[in-house]
Amino acid sequence: MKYIRKPIKLSIILLALFVLAGCWNSNEMNDLAIVTAFGVDTAEKPDEISLIGQIINIRNIATAEKSAAGGDVFWNVEITGETVFDALRNLTFINNRKAFGHHYQILVVGKEIAEKGVIKDLEHFARDHGDRRTVWVVVADGKAKDVLDVKTELEPINGRYIAQLVEVRTATSKAVGVTFQNFLQRYISKTTSTFASIVRVIKKNGVESLELNGTAVFKKDKLVGELNGKETRGLLFVIDDIKSGIIVVEPENQGKTSLEINKSGTKVTPKITDNGVQMDIEVKLKTYYAGDTEDFFNVTKKEDRELLQLYANKVVKEEIEAAIKKAKSLNTDVFGFGDAVHRKYPKQWKGMESNWDSIFPDIKVSIKVETSIDSSFNITELP
Amino acid sequence: MDIEDQKISGVQLTQLMICFICGSNILLTVSMTVAKQDIWLAILGGVVESLVFAIIYIFITKKYPNKTLIEINDLVFGSFLGKLVSTLYIIFFFLQGSAYLRIITNFFKSQIMPETPMFVLALALLIVCAYAVNKGFEVISRLSMLFLIFLMLEVAFVFVTGYSDMKFKNFLPIFDITMTDFIKSANIIGTTHFGEFVVFLMFFALLNNTSKGKNSNIKIYIISILSGGAILIVISVITIALIGNLAPIDNYPYFQAIRIINVRDILTRFEIITSINILAMVFFKICVYFYATVSGIRKILKLSSQSFLVLPIGIIMINTSLMLFKNPFEVTQFATEIFPLYGLVFEVLFPVLILVITQMKKLFVNR
Amino acid sequence: MFKFVKNKINAIKLFSKNNEDSNKEIKVDIKLTTNIDKNISIIKEIMGLNKDFIIREFFLGERKSIRIALFYIDGMVEKTTINQSILKPLMYDVWMIKSDINQNLNTIETIKKTIVSVGDIELESSINLLIESCLTGNTVMLVDKYTEGLVISTAAWVARAIEEPKTEVVVRGPREGFTENITSNTVLIRRKICDPNLIFEAMKIGVRTKTKVAIAYINGIVDKKIVDEVKLRLGRIKIDAVLESGYIEQLIEDAPFSLFTTVGNSEKPDVVAAKMLEGRVAIITDGTPIVLTVPMLFGESFHSSEDYYSRPYYMSFVRIIRYLSLIISIFAPSVFVALTTFHQEVIPTPLFFTMAVAREGTPFPAMLEAFVMIVTFEILREAGVRLPRPVGQAISIVGALVIGEATVQAGIVSSPMVIVVALTAIASFISVVHGDSASILRLIFIIIGGILGAYGITIGLIFVLVHLTSLRSFGIPYFAPFAPFVASDLKDSIIRAPLWLMNRRPYSLRPENSQREKANSLPQKQ
């Protein structure tokens, strides 16, 4: 029939146009090399960098679920290139599938490259269209490759293991969890220094395992120093990122006892006085009395509670002071004091911004901590 | 009923105008690079500027309630000069439609499907636009409410899920913006988001009789500008609260902001829904410009039908959109530097001329 | 591109014109003559060889001078009526009133008025019409020397009893359904609505079948324009046969090129009554239990009579589920294909790993996999519907085993795909009305999703929405109350508001009288 010929022609043309030209972006899932972690290291040649992609061996995961036998579930591919993206594409020389990085969960930066300056190597991960800025950034104590090579228990995929290690940091709050987003935000801010957790490989009885320990502090994008666990928590108190954690207090003659942080809130108020910049840090803590003592502390009594609170205040204050001292010695504004001043005094800030490096070490800090004990778990008091 | 004679109600026109404003949301980055965390101030400034524009349009629509812009031009400037101005307007509408086609294909190409040819993306979208334009203005305006609800649900969903990640101290310090920057960014928003309302001078004649009340055009303009501005402010607040100082450096800040939302690893990665919304809103923008071009040509040439114009103009539009800019940077440059002035010619200069000449003619006749 | 659609429509119009011409049979209307023998021979000639055509001749009158002939079709008439009410009075009881006959009065009038004791009785002079009424089960009586025959209504044949309809099963609500008999169907509706404004207008459609069709509406509620439009369109139909209301549906619908139907139907009198009370027109066709209702709105297909009989809260939830299942049944496979081949980055990470593990080792691209699985499902469904019930069960077992177990075990199809297809299949059973369009759209969307990913699916979705918005059913926007957005009608769309809130008839249908009940009829405590 005449009137049906034209649409048939048109639809054939359209169909041919779309179908024959191909499905441009389509990638079947089984053609992808799924990367769970990226690592960056220095290469042997000075102008190259080395990229480690941790590729999941899906086939082995599939068999591992059915039977106990099976090979490694991940495969670390190391490749060098002149830039990160160059290296990423070079990956296809030794890996048969296209690297699919949209689901990677952790970015491991080798210590050497971190000391040389890292932003040019990480910039690609912020730019690429599928990559997410919610991944965790950690610094390896040593080579990134060594960290990624460790076989882990409970979660056989190393990259996910490290990510989960960072996620459970809140139990102690003695390590930081820095997403790539935070990392970049701190880097972009002109005065704030960025930081990331450190992952170490520890060897015990010939078995390697991973440990999250301490915080690496960057000046701009160069690694300049480390904070230990105590200082890290001081830092977290100041930037108000404490979720939980144990405060060990030691009242005189009474042995050690512990308090668990339930809730913490910090207020940082900058003040510009004639003597320079002063930061008022006010920490409000809510804790649970967790015990661990020989003679059951009687927290139902007000005097005992007050005593404990006093000592807890002291511990927290010491931690914060330690962190500030370390930061001042490294001349890195990890706390974002500069930003706080900017928010409060936008006009004065214009003069201070350029010489913040000379102002920061002389900042005066007054710390006020208030602790309250709200619960004593199962035990009330001894008769 | 003939497609060209379809009537719409005032409520539908308002809905369509709000969708039309939201179609420019993808360009939020342009003013965000200038205004940074004070973007909401710039939006307020833009709304005020657009209210001033709206006064001009309200007067025009009041003077000529049953005339489209083309007919008004003929009446005001005389038949030759009027035709010239009308032609300029049609070219303006056509180029705007092509530009938005380019902007949306750029977005999808850079953010979601980098390997797909731009031509294919543009073609697929334009087929639907052509279908909608062929079905008439009534269909386009009726559909707008549906997508407006989608948009609002999506924004509400993003706000709820992203609330725990939002940091409202990102807005501090307030008023940390120089006057020139403020005027510049407010003008960008005023001209791109709201100023393009000039195209609706083509459509006020389509209002049905029940909606042609005394002050209905005032209501339509005010409501659509205010609600469009409100949506815009909510979106920019979400963006700044979520990504703070990264927003000015991102190409598509709202889209980037949604990507970092993560609620327990499950309510996450739903940026594709946002991209669908962006596409739907730009669809309306292109449709309105497309329809304005087609019906403008029909009016200027006094044709009896317009459906045969849809396909050729659509094809030219695809090609224009591909040739208009060499790369995405030119789009941004155009939106930041050229459009705020170039747009003013069509958005303010000619409408003001129309008003002035109308008034003068009136005086002349009275004398 | 759109020109050809117009051409199509024009061509179809042309086509129908041609048909009109060809159907014009030259019919000579033969009138009865005064000679009964001649009449009988004419009728015999027309009816020809029909074995079931009975001619009964007998005499009336004292001197057996009046010749009478009865014609009827065996099996279509009630024999007892003929024996008791026609033959017996004429042959025996007539002696009691013999005087009248002998008085040489108008015999046929006398027979009609005083002898034959049957309700419906008419005079008719055209042989064609007499034969036609004979064919519909009436008995025709010819009397010698008269140019008019009597049509006596004796139609009765074996009909199905009123049963519960198989298609619209309800837990709560009346169990009766329409039958194939138009008279009993109109009765069923009449019994629901006791209102003199309920109008049934009769007409006959079909050159050969002469199917009885009734247009039913309620005066004062319905928009008169719709009734006129329905009559106009029904009058335009020139077709050989109307065997089912589907014939009429396809010939009066607004958008013959659309995938979506713009004419509603139901098998239950309560549903049809409710729709008429909202301002719709029902078209009842003889010979089918399916009654058409126009105009139809898109959302109507998600309504069930039970929604109104049960309490509103759960029913609102069920409505949402129904809308959701239509969305799932159309989009689930295509979205799945788009996600797994284009947008792997938007799948939550834990789910992504699980899916990647399941996907490993399967040989076909996801698009092909989905396509084949959906087609397999359609085959199984069709087989299940057509086969006798015992075999149907065997089919479902084979289908479940073949699709569910074997393909996954053999690693031909990934298990998430099976889950998605199964979900699609179940969801597709919920929306019966749009089930057919959903089946086709599903396949189209799989292709679009496999080629252009979410971008393509969005474009396709906008296309479908533009199409739905542009549709009209008898002048009423099809996609109301969503587009155009009618806020007051949303009460009975995605949700079902309590009855005491729905005190107005749907605004979208433009009823003449929109007040349904007292404005505030919230149940009050005493």
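Residues numbered from 1 in each chain as written. Chains lettered and ligands numbered in written order. Predicted model: local features only at pLDDT ≥ 70, side-chain atom pairs only at ≥ 80, totals over all residues.

## Remarks on the overall build of chain B
Stage number 1. Secondary structure assignment for chain B yields 13 helices and 2 strands.
Stage number 2. For a compact globule of 367 residues, the expected C-alpha radius of gyration is about 21 Å, and chain B comes in at 20 Å, within 12% of that figure.
Stage number 3. Counting over 367 residues, chain B shows a buried share of 54%.
Stage number 4. A separation threshold of at least 6 residues defines the contact pool for chain B, and within that pool the share at least 24 residues apart is 85%. (Helix = DSSP H or I, 4+ residues; strand = E, 2+ residues; numbered from the N terminus. Rg over C-alpha atoms; globule rule 2.2 N^0.38 Å. Buried ≥ 20, exposed ≤ 12 C-beta atoms within 10 Å, placed from the backbone. Contact = placed C-beta atoms within 7 Å.)

## Focus on the overall build of chain A
Stage number 1. For chain A, the count of helices and strands is 13 helices and 13 strands.
Stage number 2. Within chain A, the proportion of its 383 residues that are buried is 41%.
Stage number 3. Looking at chain A alone, contacts between residues at least 24 apart form 70% of all its contacts between residues at least 6 apart.

## A short note on the environment of Gly475 of chain C
Stage number 1. Following the sequence through the fold, Gly475 of chain C ends up in the loop between β11 (472–473) and β12 (476–477).
Stage number 2. In contact with Gly475 of chain C, not counting residues within four places along its chain, are Lys225, Ile226 and Glu229 of chain C.

## Remarks on the interface of chain C and chain B
The figure often quoted for interface size is the accessible area lost as the parts come together.
Stage number 1. Opposite the 28 residues of chain C that make contact, chain B presents 32 residues.
Stage number 2. Those elements giving two or more residues to the side of chain C that touches chain B turn out to be α13 (349–359) and α17 (435–470) of chain C.
Stage number 3. Ranked by residue count, the leading element in the side of chain C that touches chain B is α17 of chain C, at 13 residues.

## Topic: helix α9 (residues 216–243) of chain B
Stage number 1. The end-to-end C-alpha separation of α9 of chain B is 40 Å, in line with the 40 Å expected for 28 residues at 1.5 Å each.
Stage number 2. Backbone geometry just downstream of α9 of chain B places Gly244 of chain B in the positive-phi region, at approximately 50°. (Expected span 1.5 Å × (residues − 1).)

## Observations regarding the domain arrangement of chain A
Residues and elements named next belong to chain A.
Stage number 1. Under the domain assignment, chain A is made up of domain 1 (27–227) and domain 2 (240–383).
Stage number 2. Computed over C-alpha atoms only, the centres of domain 1 and domain 2 are separated by 32 Å.
Stage number 3. The interface is formed by 16 residues belonging to domain 1 together with 16 residues belonging to domain 2.
Stage number 4. At the level of elements, β8 (207–219) and β9 (222–227) are the ones that each hand at least two residues to the side of domain 1 that touches domain 2.
Stage number 5. Looking at the side of domain 1 that touches domain 2 residue by residue, the class counts come to 5 nonpolar, 8 polar and 3 charged. (Domains from an automatic or database assignment. Nonpolar A, V, L, I, M, F, W, Y, C, P; charged D, E, K, R; others polar.)

## Regarding the pairing of strand β9 (residues 281–285) of chain C
Residues and elements named next belong to chain C.
Stage number 1. The element β9 is largely enclosed, with a buried count of 5 among its 5 residues.
Stage number 2. Taking every second residue as pointing to the same face, both faces of β9 are buried, with Val281, Ile283 and Thr285 on one and Ala282 and Ile284 on the other.
Stage number 3. In this antiparallel pair of consecutive strands, β9 and strand β10 (residues 291–294), the connection spans 5 residues, and Gly287 shows a positive phi of 90°. (Pairing = 2+ DSSP bridges.)

## Details of the sheet that holds strand β13 (residues 364–375) of chain A
Residue and element names in this part refer to chain A.
Stage number 1. Read from one edge of the open sheet, 4 strands run β10-β11-β12-β13, paired in mixed fashion. Looking at strand neighbours, the two that pair on one side only are β10 (246–249) and β13, the edges of this open sheet. Going from strand to strand, the sheet's axes swing by 40° on average, the running direction of each strand aside.
Stage number 2. Pairing of β10 with strand β11 (residues 257–273) involves 4 bridges; the strand directions are antiparallel. Following the sheet pairing, Val248 is matched in β11 by Ser258.
Stage number 3. Here helix α9 (residues 229–238) sits on the sheet and contacts β11 and β12 (276–291); the angle it forms with β11, its principal contact strand, is near 60°.
Stage number 4. Packing against the sheet, helix α11 (residues 337–344) makes contact with β11 and β12, and its axis sits at approximately 50° to β11. (Axes fitted to C-alpha atoms, helices over the stretch in contact; angles between N-to-C directions.)

## Remarks on the sheet that holds β10 of chain C
Residues and elements named next belong to chain C.
Stage number 1. Pairing is antiparallel across the open sheet formed by 5 strands, whose spatial order is β6-β7-β9-β10-β8. Here the strands that pair on one side only, and so sit at the sheet edges, are β6 (198–205) and β8 (264–266). Neighbour to neighbour, the strand axes of the sheet diverge by 25° on average, direction disregarded.
Stage number 2. Pairing geometry for β8 and β10, over 3 bridges, is antiparallel. Opposite Asn265, over in β10, you have Leu292 as the bridge partner.

## A look at the environment of Asp357 of chain A
All names here are of chain A.
Stage number 1. Note on placement: Asp357 falls in helix α13 (residues 356–359).
Stage number 2. The partly exposed category is assigned to Asp357, around which 13 C-beta atoms lie within 10 Å.
Stage number 3. Along the backbone, Asp357 and Thr332 are 25 residues apart, and their C-alpha atoms lie at a distance of 7.9 Å.

## Thoughts on the packing of helix α5 (residues 79–111) of chain B against helix α11 (residues 271–301) of chain B
Residue and element names in this part refer to chain B.
Stage number 1. Between α5 and α11, whose axes approach to 9 Å, the crossing angle comes to 155°. By the criterion of interaxial angle, the relationship of α5 to α11 is roughly antiparallel. In this structure, α5 crosses over α11, and the sense of that crossing is left-handed.
Stage number 2. The class makeup of the residues in the contact of α5 with α11 is 17 nonpolar, 6 polar and 2 charged. (Parallel < 35°, antiparallel > 145°, perpendicular 65-115°, else oblique. Left-handed = near helix turned anticlockwise from the far one by under 90°.)

## A look at the pairing of strand β1 (residues 32–42) of chain A
All names here are of chain A.
Stage number 1. Of all 11 residues in β1, 11 are buried; the element is thus mostly enclosed.
Stage number 2. Bridge count for β1 against strand β4 (residues 98–100) is 3 bridges, and the pairing is parallel. Residue Ala33 lies in a different strand from β4, and its bridge partner there is Ala99.
Stage number 3. In terms of strand pairing, β1 meets strand β2 (residues 49–56) through 7 bridges, oriented antiparallel. Bridge pairing links Asp41 to Ser50 in β2.
Stage number 4. Hairpin connection, β1 to β2: the antiparallel pair is bridged by 6 residues.

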